[in-house]
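Here is how the chains run, residue by residue.
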Amino acid sequence: MTFSGGGSPATIPFTVATGPGPYTITTTLDGIAPPSSPGVGTATGTQTGRLTRNALPASCAAPKAFPGVFDPVNPRQYDLYSFTTCSESVATCASVTTSGPAVDSNLFFTVAYSPSFDPASVSTNWKSDPGASGRVTYSFDVGAGPQTVGVVVHETNPGGAVGQSYTLTVTGLCAGQCMTPNQLPVAIARNVIVRATPGGTAPASIDNGSFDPDGDPLTITQTPPGPYPVGTTSVILTVTDTKGAASQATGFVTVTVRGTLAGDFDGDGKDDPTIYRPSTGLWAILKSSTNYTTSTTVSWGLSTDTPVTGDYDGDGKNDPAIYRPSTGLWAILKSSTNYTTSMTVSWGLSTDLPEPGDYDGDGKTDPAIYRPSTGLWAILKSSTNYTTSMTVSWGLSTDLPVQGDYDGDGKTDPAIYRPSTGLWAILKSSTNYTTSITVSWGLSTDVAVPGDYDGDGKTDPAVFRPSTGGWFVLNSSTNYTTSFGVSWGLSTDNPVPADFDGDGKTDPAIYRPSTGLWAVLKSSTNYTTSIAVSWGLSTDTPLYRRP
């Protein structure tokens with residue numbers, strides 16, 4: 001339709017035709033069956049007798065009674081059109097009209113039958129008729145679902161219309177090639193946590209088993225499409241079938257930098273409660289992927305070794321690893337080979353502190369040490385297969401190393417905490433160690449517990465105060481202008497911050513040596529719920545323990 005001129009807004013009534021179009025055929029009553037089409041079968045033959053033409057055209061609004069048989073004996077030539085409606089057809093009013101010169105001369109009569117026509121008994125299964133020959137329209141109701149309706153066009157008198165042509169028009173019958181109604185595809189999304197690649201982004205799929213009820217292939221897209229930056233991104237999942245029907249669901253992609261997950265041994269995006277038993281070299285890992293119902297144990301290390309877990313082989317899982325101060329040995333048991341192979345490097349002196357991290361941004365943990373006597377950081381680069389290293393000077397002999405990715409570039413930054421003043425000093429890898437960040441946060445009796453508590457992909461300065469059980473976090477997401485605090489733990493507990501609930505944020509957590517309790521305050525519920533499991537002995541070393 002078109003419209004021009006007149007005022008605005010304008011109301012323009014119009015109608016749009018819906019439903020099946022008319023079935024129309026022009027043919028000759030010649031003893032040859034008319035051509036069939038999808039949903040319409042045809043036949044021809046000779047029927048016995050004819051109904052009475054009682055001059056009462058039947059209609060959906062006024063159905064009529066069976067008119068009776070006028071001639072029960074004499075044969076008449078007929079054409080039959082059998083309409084088969086589809087399973088999805090709705091109840092309808094069908095109408096039948098015949099036209100043409102021979103029809104106008106009253107040479108033809110038409111009758112509807114359902115579900116079938118018996119040419120030997122013209123009264124059986126009678127449905128409707130026009131009550132007269134000629135160009136008369138009649139109609140009748142057709143039920144929903146699959147129905148069969150036969151429309152018969154026959155000569156009024158024996159031999160009176162053979163060789164004559166007619167046009168048959170039937171409307172309202174949904175006959176044709178039946179197709180199952182297309183159902184909307186079902187979009188199912190999930191929240192996912194992935195680790196950033198060396199470029200600082202990560203691909204991710206939030207599809208969680210989307211499907212099409214009709215079995216049609218689906219085109220699945222995500223908006224925005226990714227790869228996704230560090231932090232949390234809301235993503236719309238769109239699934240479209242081959243007929244263009246679509247549905248959507250929303251999920252969240254959280255990209256964490258390498259090292260945000262302190263001890264994810266089973267690769268499910270959550271840190272696992274894990275202990276190292278120096279007396280036997282036992283590593284005991286309680287798996288978050290099975291809701292803490294199963295565990296893994298390996299033997300790796302001596303009583304004088306220091307556990308230095310990290311993802312050294314870059315498979316997305318933490319590896320059991322130890323640093324042996326007496327020799328400077330780093331020995332790593334590789335999760336990528338299911339703990340069947342290992343690798344060793346020598347890096348450090350007996351007085352050095354091991355500070356592993358992904359300093360070169362290749363997605364693998366690097367052996368690294370901090371030398372308190374000189375403030376030296378020495379990093380053995382996994383990106384060159386441990387053939388090159390880098391060193392920087394950062395810190396005093398009384399400082400505590402608190403390495404982390406404070407600038408969010410996907411690389412670990414050398415950083416120190418100075419208990420005497422509460423100073424945090426961070427040497428930024430993002431500027432090739434040419435600039436730094438300093439903030440004051442904490443008391444001399446506090447324990448430094450850095451982590452990404454606000455989920456922005458950057459490590460936050462944070463402290464645990466044993467005297468009160470307080471955790472105090474300085475938010476990097478607000479450029480250190482805001483903070484928050486929670487109470488969690490006793491003075492004898494060991495702080496073990498990590499991302500235990502897999503939301504991309506570090507959770508305040510403690511290990512209680514006296515009972516082996518791990519108690520986690522969940523950031524995913526805004527610190528309103530917690531997790532508690534028993535795992536370990538009083539002489540065990542809990543991973544993630546600070547200092």
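Notes on the structure follow. Along each chain, residue indices are assigned from 1 in the same order as the chain's sequence is written. Under the rules for a predicted model, residues below a pLDDT of 70 receive no local features and side-chain atom pairs below 80 are neither given nor counted, while totals for whole chains, interfaces and linings still include all residues. The side-chain numbers reported here are obtained from all heavy atoms of the structure, hydrogens and water having been left aside.

**A closer look at the sheet that holds strand β27 (residues 400-401)**
What counts, and what does not: At least two DSSP bridges between two strands are required for those strands to pair. Under the scheme used here, helices are H or I runs from DSSP no shorter than 4 residues and strands are E runs no shorter than 2 residues, and both carry numbers assigned from the N terminus.
In spatial order, the strands read β27-β28-β29-β30; together these four strands make up an open sheet with antiparallel pairing. For this open sheet the edge positions go to β27 and β30 (436-440), each flanked by a neighbour on one side alone.

**Some points on the environment of Ala204**
Definition in use: Each residue is placed in one exposure class: buried if its accessible area under a 1.4 Å probe, protein chains only, is under 20% of its type's maximum, exposed if it is over 50%, and partly exposed if it falls in between.
Along the chain, the position of Ala204 falls in the loop between β11 (201-202) and β12 (219-223). Overall, the relative accessible area of 17% leaves Ala204 in the buried class. On a C-alpha basis, the gap between Ala204 and Ala498 in space is 22 Å, while along the polypeptide they are 294 residues apart.

**Re the packing of aromatic side chains**
Aromatic ring pairs are reported here in terms of the distance separating the ring centres and the angle at which the planes meet. In plain terms, the rule: Between the rings of Phe, Tyr and Trp (Trp by its six-membered ring), a pair exists once the centres lie within 6.5 Å; its type follows the angle of the planes, with under 30 degrees stacked, over 60 edge-to-face, and the other angles tilted.
Here the structure, examined in full by the defined rule, presents 17 aromatic pairs. On the numbers, 5.2 Å between centres and 55° between planes, the contact of Tyr323 with Trp330 is tilted. Assessed through its relative accessible area of 0%, Tyr323 is described here as buried. Trp330 sits in the buried class, given a relative accessible area of 0%.

**So, the side chain of Asp460**
Applied cut-off: When charges are counted, neither His nor the chain ends are considered; positive counts come from Lys and Arg and negative counts from Asp and Glu. The salt bridge criterion pairs a side-chain nitrogen of Lys or Arg with a carboxyl oxygen of Asp or Glu, the two atoms within 4 Å. Pairing of N or O atoms within 3.5 Å defines a polar contact, subject to two protein rules: one partner must be a possible hydrogen donor and the other a possible acceptor, and residues neighboring in sequence count only if both atoms are side-chain atoms. Two residues qualify as a contact provided that any one of their heavy atoms is within 4.5 Å of a heavy atom in the partner residue.
Tracing the sequence through the fold places Asp460 in the loop between β31 (447-448) and β32 (462-465). At 8.7 Å, Lys458 is the nearest oppositely charged side chain to Asp460, a buried residue that forms no salt bridge. Of the polar contacts made by the side chain of Asp460, one reaches the backbone nitrogen of Asp454; its length is 3.3 Å. A distance of 2.5 Å separates the side chain of Asp460 from the side chain of Ser476, its partner in a polar contact. For Asp460, the residues in contact, after removing those within four places along its chain, are Tyr406, Pro450, Gly451, Asp452, Tyr453, Asp454, Val473, Leu474, Asn475 and Ser476.

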